[in-house]
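# Examining the three-dimensional arrangement
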Amino acid sequence: MLDGYSACGLGEGLPSPLPLASNTNVENLQMRVAWLGLAGTVLLGACTSDRPTAAESPPADALFSEGPQDPGSIAAGMAIFRNETYGDETFWTDTLHLHEVIRSSVSPATALAVGLKVDVDALPEAVRSAIKAHTVDLNDPATTVTLLKLNAVLGVIGKVDDKNTLTRVGITCAFCHSTVDNSFAPGIGHRLDGWPNRNLNVGAIVALSPAVTPAQRAVFNSWGPGRYDPRFNIDGKNMPVVIPPAFGLRHVKREIFTGDDTISYWNAYVAITQMHGHGHFVDRRIGVDVNNPPDLVSSKLAALRAYQFSLEAPNAIPGTVDAEAAKRGHMVFNSVAKCSTCHVGSVFTDVNQGVLHTPAEDGQDPAYAQRSVTKLYRTTPLRALWHPPQLTGPYFHDGSAATLADVVDHYVKLQGIKLTDRQRADLIEYLKTL
Ligand code: HEC
Ligand code: HEC
């Protein structure tokens, strides 16, 4: 079954145990918030309750009891993750007219400069040789159209007619959550699904549209690479967050920086409210009701989830980390630095214990949390923190820590921890192994 969520209108329920509002008792230094006690509330009738949908037992627990995932679902989910637009061409083409912008002015050089990636495995040998021999014009938008025709641009799906004119364009999950290994050239290589594309300048791409207002364009152009605001079009606030990995979430019960809900909840939210795919997403907790029929999302959520859960976080690159120092750093993490009080267990988060944290408790700006369901932050499951060149920070939801050293300094200051220079260096080395 799904992790409880289906877009509005289907029968699946979401047990969406709400975290309690933050504890206002200042005596309570822990200020931790548990939601598990509330799981008993049962709400039926997906589109009328003030929660998306609900069911009796926490679905997240069901995730753990599931056996190995069905290979058929994983394969179907991979195709969805990479190629499914949920019909969002009606937005990216009919509303934003980005197909016109691309075919008239986006050369491959421009596309690579805004962080788009090219899948070398989609290129026929002749095209690869031509790129190597510099006989392909990377400054010609027609070459971009050829790449789209080959389905070689990660996360961008184009329809090209028999006169080689780009007529439709849409985006997929791979747009933000895939990159390449640069094996062929910078920006061109084998796909790395689930890896956030930290070069991708989503705002700059959307700002190319002739349909956005000058005020919107200014906001989009303010985001910069690797960041995106998945709530700007909902509440009008401008607070982009770092695009996170979509891998390593198999054993994490609640997703996104604010731990709002399950993975399929968020997948439906993004597909419908951000990608502008077709479906119905309702969550009255954040005042969102977006209905864009027909529903092309619900039926894909189970396979999509299976694929996401099959994506493991990559291991550290051998030779980039001092193993002895990292071993000592592990001890520092678990003892004097107190990191393991929140980053617990094999997934390095206490969210599975039903805990979320107030912004004050982890020294974070409350503004983004305020826009979410929980108004709190989830202890980020630490994964692939250091995997150059693709993953080198920034860290925290808003990217406020540029480096792992900044992360450690943040906690030293916040918690008044005393670390020697060596302990600090060892801890950083350990973080690189996660
Ligand atoms: C335009 C860029 C963009 C697209 C497209 C996009 N996402 Fe995301 N995704 C984000 C951002 C930004 C966040 C962080 C939001 C937050 O935590 O509040 C995120 C968060 C997530 C998370 C949570 C990660 C975690 O650590 O809990 C998952 C899972 C995810 N996205 C999957 C998907 C899937 C599946 C799709 C396609 C249906 C998709 N995303 C499409 C930008 C994008
Ligand atoms: C009070 C609970 C708590 C403690 C203690 C704690 N963390 Fe965190 N950690 C969090 C929360 C919550 C976040 C998410 C904050 C955000 O994104 O704004 C986070 C995020 C992070 C991130 C960012 C991950 C990413 O991908 O952006 C790193 C790295 C990290 N913590 C490392 C540490 C280290 C190292 C220590 C010990 C020195 C530590 N944490 C102690 C709760 C905690």
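These numbers come from a predicted model, not from an experiment. (Residues numbered from 1 in each chain as written. Chains lettered and ligands numbered in written order. Predicted model: local features only at pLDDT ≥ 70, side-chain atom pairs only at ≥ 80, totals over all residues.)

## Things to note about the overall build of the chain
When its secondary structure is counted, the chain shows 17 helices and 12 strands. A total of 434 residues make up the chain; the buried ones form 45% of that total. Restricting the contact set of the chain to residue pairs at least 6 apart, pairs at least 24 apart contribute 66%. (Helix = DSSP H or I, 4+ residues; strand = E, 2+ residues; numbered from the N terminus. Buried ≥ 20, exposed ≤ 12 C-beta atoms within 10 Å, placed from the backbone. Contact = placed C-beta atoms within 7 Å.)

## Regarding the site of ligand 2
The full set close to ligand 2 counts 23 residues, and Cys339, Cys342, Tyr395, His397 and Tyr411 are the nearest of them. In terms of residue count, the dominant contributor to the shell around ligand 2 is helix 16 (residues 404-415) (three residues). Its residues assigned to classes, the shell around ligand 2 shows 13 nonpolar, seven polar and three charged. (Near = placed C-beta within 6 Å. Nonpolar A, V, L, I, M, F, W, Y, C, P; charged D, E, K, R; others polar.)

## Regarding the site of ligand 1
Close to ligand 1 lie 26 residues, the nearest being Cys173, Cys176, Glu255, Ile256 and Phe257. At the level of elements, helix 8 (174-177), helix 12 (263-274) and helix 13 (301-310) are the ones that each hand at least two residues to the shell around ligand 1. With six residues, the top contributor of residues to the shell around ligand 1 is helix 12.

## Concerning the nonpolar core
Counting 91 residues, the largest nonpolar core has Val153, Val156, Ala268 and Leu427 as the members making the most contacts within it. The element that contributes the greatest number of residues to this core is helix 12, accounting for seven residues. (Core = buried A, V, L, I, M, F, W, Y, C linked by C-beta atoms within 7 Å.)

## Digging into helix 17 (residues 421-433)
The end-to-end C-alpha separation of helix 17 is 19 Å, in line with the 18 Å expected for 13 residues at 1.5 Å each. Regarding helix 17, the residues found buried are Gln423, Asp426, Leu427, Ile428, Glu429, Tyr430, Leu431 and Lys432. At its buried positions, helix 17 is contacted by helix 14 (323-334) and helix 16. (Expected span 1.5 Å × (residues − 1).)

## Things to note about the confidence of the model for the chain
When pLDDT is averaged along the chain, the result is 87; 84% of the residues meet or exceed 70. Throughout residues 8-65 the model reports pLDDT below 50, and contacts reaching past four residues in sequence, or to other chains, amount to 107 contacts. (pLDDT = per-residue confidence, 0-100.)

## Overview of the packing of helix 2 (residues 71-83) against helix 13
Running from amino to carboxyl end, helix 2 crosses helix 13 at an angle of 95 degrees, the nearest separation of the two axes being 7 Å. Classified by the angle between their axes, helix 2 and helix 13 sit roughly perpendicular to one another. Here Ser73, Ile74, Ala76, Gly77, Met78, Ile80 and Phe81 of helix 2 come into contact with helix 13, specifically with Ala302, Ala303, Leu304, Ala306, Tyr307 and Ser310. Looking at the contact of helix 2 with helix 13 residue by residue, the classes come out as 10 nonpolar, three polar and no charged. (Axes fitted to C-alpha atoms, helices over the stretch in contact; angles between N-to-C directions. Parallel < 35°, antiparallel > 145°, perpendicular 65-115°, else oblique.)

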